[in-house]
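Take a look at the letters that make up each chain.
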Amino acid sequence: MNILVIGGVAAGASFAARARRLAESAHITIIERGPDVSFANCGLPYHIGGEIPKRDVLAVQSAASLKGLLNLDVRVSTEAVAIDRGNKRVEVKNLDTGRSEYISYDKLMLAPGASPLRPPLPGIDDPRIFTLRNLQDMDRIVTATETGMRAVVIGAGFIGLEMTEQLHRKGLSVQLVELQTQVIPPLDAPMAALVESELRGHDISLHLGDGIVRFENEETHVSCHLSSGKCLDADVVILSIGVRPDSELARAAGLELGARGHIIVDPFQRTSDPDIYAAGDAVETIDRIVNSKTAVPMGGPANRQGRVAADHIFMPGKARPYPGSVGTGIVRAFEVVVGITGWSEKRLAAAGLPYETVSVNDSHHASYYPGAKPMTLKIIWEPESGRLLGAQVSGFEGIDKRLDVLSTAIIAGMTVEDLCHLELAYAPPFGSAKDIVNLAGFAACNRRDGLVHHTSELPTDPQTQIVDVRGKALSEAYPVPGKVINIPFPTLRANLDKLDKTRPVLTVCAFGKMSYFAARVLMQHGFTVASFSGGLKANVDPRTPGKLPTS
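Residues numbered from 1 in each chain as written. Predicted model: local features only at pLDDT ≥ 70, side-chain atom pairs only at ≥ 80, totals over all residues. Heavy atoms only, no water.

**Looking at the sheet that holds strand β9 (residues 129-130)**
Strand order in the open sheet formed by five strands is β9-β16-β10-β11-β12, and the pairing between neighbours is parallel. Strand pairing shows two members of the sheet lacking a second neighbour, β9 and β12 (205-208), which therefore form its edges. Relative to strand β16 (residues 236-239), strand β10 (residues 150-154) runs parallel, the two sharing four bridges. What sits directly across from Val153, in β16, is Ile238. (Pairing = 2+ DSSP bridges. Helix = DSSP H or I, 4+ residues; strand = E, 2+ residues; numbered from the N terminus.)

As C-alpha cells, this is what we get:
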C-alpha cells in the first residue's frame, strides 16, 4: 500500500510512525514544505529567549533518522501543489530544484497545519515584523533580536505571552498589545488578572483593549499605530494574533470545508473523500462538552488524531474513533502559571447556555509546609446535572496538576459532587488532605444544596450591606471598594445588631472561605445573604493576602 503524507510535523509524523508500526510492508512518503520535519514547534519561543540553549534539541527527528528508524521516505523542501483525486496522485514540487512530479497514493493524509495570521495592514511587509511557525522563523528572530532592543508583541494569547516572557529574558524591553481588554482572551477576565499583574511587575507595558491598525516603516525602527491613537516604536515586532488553517490544497481538491475553512472529517479523520484523511490544526473536530463543531490548534490533539487515522486504515475493525477535544491549555508568564480546560463562563454566557460557577483559593500544598504558594481555582458546571463544563486555575506552583485532574474529570463526564471525593495524592510537600479540587467540589455542592448564595460582583445597590469579615488591620490595608461595614468574623455573632435584617447582606473576605462561614451564620439568623465567591483575590486584587506580613 502506498501511503502519502502531506505535512511532517505533529499530526503527519505521528500518523506515519503509527502506520509503520502497523504495516511494515507499506510504502510511506512524507512531503514537507519546509527544510525540517518532526520538530518541536512548541519549544521555539524558549530557544529565542535562551531557556532552551541548544537549537539541536528542537529538531526531534530528521529525514535521515526517520529513514533509519521507520523506513520512511521523507522529502523536505517539497511542496504539494495539487491533489488529483480521480487518479489518486499528488503533484509535488521540489523547492530547491523547481522540479515537479506526481506521487501516487492509495491513502492520503493531509496534515498541513495552520499559518499565523498576517492581516493586510499598511506596512506589514517590513522585514522587522515577524511571525513564528517553524525553525527558520525562530532563527530569524534570534538573529534580529539582542539585549537593549525594543520589542512590540501584537496579541496576548498563549504564544504572545511566551514570546513576551522570552524576549524580556533576552534583555529586550517589551510592550504587549491585545485587542481584547485582558491578556489570554480565552480566560474569564478575573482569572487573567494575576498574569497581568506579573507582566507589569516585570516592566512589560500592557496595551489592552487596543488593536494594531498600521505600521510605518522608519529607517531606524517600526512605528506601530494603535486604534487608540497610541504609537509604539519598535526595533522588532512579533505578530501573534491567531492562526488560519492551511486548507487551500484541500479546498482546491473539492474536499468539504467548515465555515472557517477547516477540513471536515469524520470520527476516524476521514475527509469527504474516503481515501483522504486529515488531522491536526487544519481540521474541524467535535467539542466533547457540548457536542458541537470546533477547532483546537494544539499539539496534543494533532498527535492523537494522526494515530486514529493510521489505526483506521490498517486495523479498521479495532480502530477507536477520535472522541473530540475539550481545549486544555496552560502558559507561564515569569513566575505565574495559568491554565484553562473546557468552557469559560463568558463563552457559556455568550452562547446562552445555563451554568453556575464558584471560585476557591488555597495553597498548592499543605500551608504549614515551607514554600506553600497560593492558587485560585474556578469551576463551572451545568445547573441541572452538576456536570463539570470548565475550569481555570492560576497561581505559581501545581497549576498543571490541578488542570490535568479537571480536564480528566470533564472528559469522564464527572459532576461537581464527584470532585468532592476524588482521592488525590497527599503528603505535605505535594498537596493537602483536602485538595483545592476537593474544596471546589465542596463549594459547588454547598451552593447546589442551598447552603449559600454566591456572587462574583460587588453590588452597586446602596441597600446592600457589604460586610468585610476580615480583621480590622487587614481590612484597612486592603480595603473593599465601596461603603463597607467591617465586622471581623470572630466577633460577628456578638454584633448582629449592627446589621439591618430588612436589607440584603454581602459577606466579603480575602479568599472566600470566611465570607462563606459568615454567610452561614447570618442566614441562620434570618438575614438574606450572599457570599463573595473566591473573595477579593479571585475578583478584585489577585495578590490580596489572607493576613498581614509579620516582621
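**Some remarks on empty space enclosed by the protein**
Scanning the model with the defined rule gives one cavity of 30 Å³ or more in all. If you add up the space inside the largest cavity, you get close to 70 Å³. If you trace the largest cavity, you find it lined by Pro190, Met191, Ala193, Leu194, Thr376, Ser394, Lys537, Ala538 and Pro542. Here the lining of the largest cavity gets four residues from one element, more than from any other, and that element is helix α6 (residues 189-201). Split by residue class, the lining of the largest cavity holds six nonpolar, two polar and one charged. (1 Å grid on protein atoms, 1.4 Å probe; cavity = no way out; pocket = protein on both sides within 12 Å on 5 of 7 lines; lining within 4 Å. Points joined across faces, edges and corners; volume = space filled by probe spheres on them. Nonpolar A, V, L, I, M, F, W, Y, C, P; charged D, E, K, R; others polar.)

**Focus: the packing of helix α1 (residues 10-22) against helix α8 (residues 299-314)**
The N-to-C vectors of α1 and α8 enclose an angle of 35°; their axes lie 7 Å apart at closest approach. In the crossing of α1 with α8, the sense of the turn from one axis to the other is right-handed. For the pair α1 and α8, the contacting residues are Ala10, Ala11, Ser14, Phe15, Arg18, Ala19 and Leu22 in the first and Ala302, Asn303, Gly306, Arg307, Ala309, Ala310, Asp311, Ile313 and Phe314 in the second. Grouping the constituent residues of the contact of α1 with α8 by class yields 10 nonpolar, three polar and three charged. (Axes fitted to C-alpha atoms, helices over the stretch in contact; angles between N-to-C directions. Left-handed = near helix turned anticlockwise from the far one by under 90°. Contact = heavy atoms within 4.5 Å.)

**Section: the pairing of strand β25 (residues 388-395)**
Most of β25 is tucked away: eight of the eight residues are buried. Here seven bridges tie strand β24 (residues 374-381) to β25, and the two strands are oriented antiparallel to one another. The partner of Ile380 across the bridge, within β25, is Gly390. Between β24 and the antiparallel strand that follows it, β25, lie six residues; Gly386 among them carries a positive phi value of about 80°. (Buried < 20%, exposed > 50% of the residue type's maximum accessible area, 1.4 Å probe, protein only.)

**Some details on the pattern of salt bridges**
Counted by the stated rule, this structure contains 29 salt bridges. Lys88 is the partner of Asp275 in a salt bridge, and the nearest nitrogen-oxygen pair spans 3.3 Å. Of this pair, Asp275 sits in the loop between α7 (248-252) and β18 (276-278) while Lys88 is found in the loop between β4 (78-84) and β5 (89-94), placing the two residues 187 residues apart along the sequence. Owing to a relative accessible area of 26%, Lys88 belongs among the partly exposed residues under this scheme. In this structure, Glu417 and Arg448 form a salt bridge, with 3.0 Å as the shortest nitrogen-oxygen distance. (Salt bridge = Lys/Arg side-chain N within 4 Å of Asp/Glu carboxyl O.)

**Side note on the packing of aromatic side chains**
Per the counting criterion, the structure on display carries two aromatic pairs. With a centroid separation of 6.2 Å and an interplanar angle of 45°, the aromatic rings of Phe489 and Phe517 are classed as tilted. You can see Phe489 sitting in the loop between β28 (484-486) and β29 (505-508) and its partner Phe517 sitting in helix α14 (residues 513-524), a full 28 residues away along the chain. Accessibility expressed as a relative area gives 31% for Phe517, which makes it partly exposed. Between Tyr516 and Phe517 the ring centres are 5.9 Å apart and the planes differ by 50°, which places this aromatic pair in the tilted class. The exposure class of Tyr516 is buried, given its relative accessible area of 19%. Members of the aromatic cluster, joined through ring pairs, are Phe489, Tyr516 and Phe517. (Phe/Tyr/Trp six-rings, centres within 6.5 Å; stacked < 30°, edge-to-face > 60°.)

**Section: the sheet that holds β28**
Spatially, β26-β30-β29-β27-β28 is the arrangement adopted by the five strands of the open sheet, whose pairing is parallel. Lying at the two open borders of the sheet, with one neighbouring strand each, are β26 (454-455) and β28. Inspection of the sheet shows β26 paired to strand β30 (residues 529-532) by two bridges, in the parallel sense. Residue pairing for β30: Thr455 is matched across the bridge by Phe532. Contacting β29 and β30, α14 crosses the sheet at an angle of about 175° to β30.

**Quick notes on a positive patch on the surface**
Where like charges cluster on the molecular surface, the positive patch consists of Arg21, Arg307, Lys318 and Arg320. Relative to the helices and strands, Lys318 is located in the loop between α8 and β21 (328-333). (Patch = residues over 30% accessible without salt bridge, like charges linked within 9 Å, V, L, I, M, F, W, Y side chains within 5 Å. Areas by Shrake-Rupley, 256 points an atom, 1.4 Å probe, with all protein chains shown as cover. Lys, Arg positive; Asp, Glu negative; His and termini not counted. Charge placed at Lys NZ, Arg CZ, Asp CG, Glu CD.)

**Here's the deal with the environment of Arg448**
Mapped onto the elements, Arg448 comes out in helix α12 (residues 436-448). Expressed as a C-alpha distance, the spacing of Arg448 and Val416, which sit 32 residues apart in the sequence, is 9.5 Å. Not counting chain neighbours up to four residues away, the residues in contact with Arg448 comprise Glu356, Trp381, Glu382, Pro383, Glu384, Ser385, Gly386, Val416 and Glu417. For Arg448, the side chain forms a polar contact with the main-chain oxygen of Pro383, separated by 2.6 Å. (Polar contact = N/O pair within 3.5 Å; in protein donor to acceptor, adjacent residues only side chain to side chain.)

Geometric values such as these leave the question of function open.
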